[in-house]
Amino acid sequence: MEQYRMEQVIAYRYNITEVTSMEDFANIRGRVSKSSKDVYFVRLLGANVDFENQLHRMDAILSRRMQEGRLFYQRVHVLPALSVSEDILFYTQCYHRWLDHPDDGVCTKVSHGALAVQLGAACKQVVERYLEAKAAVTESMRKNFAVKMLYWFDYVCAGWRQWSVDSCMKIVADNVTKEQEYLYYYLLTQIGCDVLLLQTEGDLKNHPLKHLSKEIRMGEFRTLDIPVYEPTNSMHLHGTADTAKAVLKETGNVVVKIPQRVRKKHACSASNTAGFSVQDQRQKSQQQAEKSFEELATLASSIVLILVHDPNGDVIATGSGIMVGKSGYILTNDHVVRGGASYSVRIENDDKVYQTDELIKYHSVLDLALLRIPRRLQPLPIYQGRKKLVRGQAVAAIGSPLGLFNSISDGIISGFRTIDGVDMIQFTAPISHGSSGGAVLNMYGEVIGISAAGFDRGQNINLAVGYESINLFIQGFRS
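The paragraphs below set out a description of the structure included in this document. No experiment lies behind these values; they were computed from the predicted model shown. (Residues numbered from 1 in each chain as written. Predicted model: local features only at pLDDT ≥ 70, side-chain atom pairs only at ≥ 80, totals over all residues. Heavy atoms only, no water.)

Attention now goes to the pairing of strand β6 (residues 193-199). The buried fraction of β6 is high, at seven of seven residues. The alternating pattern of β6 places Cys193, Val195, Leu197 and Gln199 on one face and Asp194, Leu196 and Leu198 on the opposite face, and all of these are buried. One ladder, built from five bridges, connects strand β3 (residues 41-45) with β6; its direction is parallel. Counterpart to Val42 in the pairing with β6 is Leu196. Bridge count between strand β5 (residues 169-174) and β6: six bridges; the pairing is parallel. Its bridge partner lying in β6, Met169 is registered against Cys193. (Buried < 20%, exposed > 50% of the residue type's maximum accessible area, 1.4 Å probe, protein only. Helix = DSSP H or I, 4+ residues; strand = E, 2+ residues; numbered from the N terminus. Pairing = 2+ DSSP bridges.)

Now for the packing of helix α4 (residues 85-100) against helix α6 (residues 139-156). Put simply, α4 and α6 touch, their axes get as near as 9 Å, and they point 110 degrees apart. Here α4 lies roughly perpendicular to α6, going by the angle between them. Taken together, the residues of α6 that come into contact with α4 (itself represented by Asp87, Tyr91, Thr92, Cys94, Tyr95 and His96) are Glu139, Arg142, Lys143, Ala146, Val147, Leu150, Tyr151 and Asp154. Residue classes in the contact of α4 with α6 are distributed as seven nonpolar, two polar and five charged. (Axes fitted to C-alpha atoms, helices over the stretch in contact; angles between N-to-C directions. Parallel < 35°, antiparallel > 145°, perpendicular 65-115°, else oblique. Contact = heavy atoms within 4.5 Å. Nonpolar A, V, L, I, M, F, W, Y, C, P; charged D, E, K, R; others polar.)

In this structure the tally under the stated criterion is zero disulfides. Unpaired in terms of disulfides, Cys94 finds its nearest cysteine sulfur in Cys107, a separation of 7.8 Å. According to the relative accessible area criterion, Cys107 is buried, its value standing at 7%. (Disulfide = S-S within 2.5 Å.)

This brings us to the sheet that holds strand β8 (residues 303-309). Pairing in this open sheet of seven strands is antiparallel, and the strands run β12-β11-β8-β9-β10-β14-β13 from one edge to the other. On the outer flanks of this sheet lie β12 (353-356) and β13 (359-363), each paired with one strand and no other. Adjacent strand axes in the sheet meet at a mean angle of 30 degrees when their direction is disregarded. The sheet contact formed by β8 and strand β9 (residues 315-325) spans seven bridges and is antiparallel. Residue pairing in the sheet places Ile306 in a bridge with Gly319 of β9.

This brings us to the nonpolar core. Ranked by size, the top nonpolar core spans 94 residues in total, and within it Met58, Phe153, Trp160, Tyr185 and Leu188 carry the most contacts. Top contributing element to this core by residue count: α6, with ten residues. Beyond its immediate chain neighbours, meaning those up to four positions away, Leu188 contacts Phe153, Val156, Cys157, Ile171, Cys193 and Val195. Counting 43 residues, the second-largest nonpolar core is a separate cluster that includes Leu331, Leu368, Leu370 and Tyr383. (Core = buried A, V, L, I, M, F, W, Y, C linked by side-chain atoms within 4.5 Å.)

For the rest of this paragraph, the subject is α6. Between the first and last C-alpha of α6 there are 26 Å, a value that for 18 residues agrees with the 26 Å anticipated at 1.5 Å per step. Residues Phe145, Ala146, Val147, Met149, Leu150, Tyr151, Trp152, Phe153, Asp154, Tyr155 and Val156 constitute the buried set of α6. Along its buried surface, α6 packs onto β4 (72-76), α4, α5 (114-133), β5 and α7 (179-189). (Expected span 1.5 Å × (residues − 1).)

All chains considered together, the criterion is met by twelve aromatic pairs. Their ring planes at 20 degrees and their centres at 6.1 Å tell us that Tyr14 and Tyr186 sit as a pair that is stacked. Separated by 172 residues along the polypeptide, Tyr14 in strand β1 (residues 11-14) and Tyr186 in helix α7 bring together distant segments of the chain. What makes Tyr186 buried here is its relative accessible area of 3%. A ring pair is formed by Phe41 and Tyr182, whose centres lie 5.5 Å apart and whose planes are at 25 degrees; its orientation type is stacked. (Phe/Tyr/Trp six-rings, centres within 6.5 Å; stacked < 30°, edge-to-face > 60°.)

Once that is clear, we can look at the pattern of salt bridges. One pass over the structure, following the stated rule, counts 16 salt bridges. The salt bridge partner of Glu179 is Lys134, with a shortest N-O separation of 3.9 Å. Here Glu179, found in helix α7, pairs with Lys134, found in the loop between α5 and α6; they are 45 residues apart in sequence, far enough to count as distant. Looking at Glu179, the relative accessible area reads 17%, which means it is buried. Note on Lys134: relative accessible area 33%, which makes it partly exposed. The salt bridge involving Arg372 is made with Glu358; its shortest N-O contact spans 2.6 Å. Residue Arg372 is located in strand β14 (residues 368-372), and its partner Glu358 is located in the loop between β12 and β13; the two are separated by 14 residues in the primary sequence. Connected via shared salt-bridge partners are Arg43, Asp203, Lys210 and Glu215. (Salt bridge = Lys/Arg side-chain N within 4 Å of Asp/Glu carboxyl O.)

No statement about biological role is implied by the geometric values presented.
Right, dumping it as structure tokens:
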């Protein structure tokens, strides 16, 4: 962290150019110099008759530019309550580390390095504003406020890959009337985000800090059902705070029941495997006979548990991974490794924990990433598509839900979905947080998909990135 301590904190200049519409907000980009950056913090009051069309146009412009890698865009409907005990503990620890080492900034699941330093300066600024606006603030109130800011920061900014002074970041929120939420959006401007508040139903009530944002009258206040934004990869990613909006739109409230199945098993002659490596034996037998679930469970030795560490070495997330290359290559999800500074990998029946910071490649749209560890591996075969996958086909999922190392569950393929241009397999084998990056296998022990997402409000509605995308992604890394 030492290289960041003396780095100059950027100063921000507000609303240098007039913004009078959502399209203005989408198209404007502040000037950046060595020591300052122009940002925009605007409240659009009320709504005119063309409000929804303007909103869709803004979403389309900013979504397209985000897909092109030109900016980060997020539109927030509701900020979540900080209520899970693990989250409260984690962000309280982040807060206390900041108090103990303020020069290092605030390190969270998303922020580290230069961003942590800037976030630390932003938190200091916002806490001071909070103290100005509110009388008789106790130390406990101050801590709770700061902890909530950090939690919301990671929630809204979970998709960030990299931050720099000249990064373009656009955040839109609707009907922000609570003091702490308003100050949170001000905090985002202090790390360089342009923020637009759509105040269609009402505004802050004579708040002493209203002057921090520019006020633009758009129409009369009225009750509107503002449509929820559906960004790229907006399905719920296990281990993140995202919601399953795209999945909900695609699947509706589907409940899939797993039927009882009788599966045939054929013996494989020992003479047929003589002279082959273990990998060759697997592939040959898989072409000849379906496996029992007991036999599929033995393949868990090729599926790993991944612990994601922040720059301080603290574990910030866990996930699963699949051995795909003999030279140490492990396939997982991009959202599992995102934000990590280093990774620990555990392998079944191996007491050693393998440390690595080798993130070889990643693809945020396909939600795939490739790590490498210093060990020879026994990779699983990836299905090559000799026969089309069908609904009702039996599958098994192996992963580490909630850190329970290499759990196996059974189910069926229940559908095929295209989510934001990515072909995905919908399956019923139960998975939970931590299963992301695990293997979805056919009954021959071949990987047909990698667990990527689930729909918490449904029953066993889970998604996997399919074998076609996997085969393309790992080309050149199988040996």
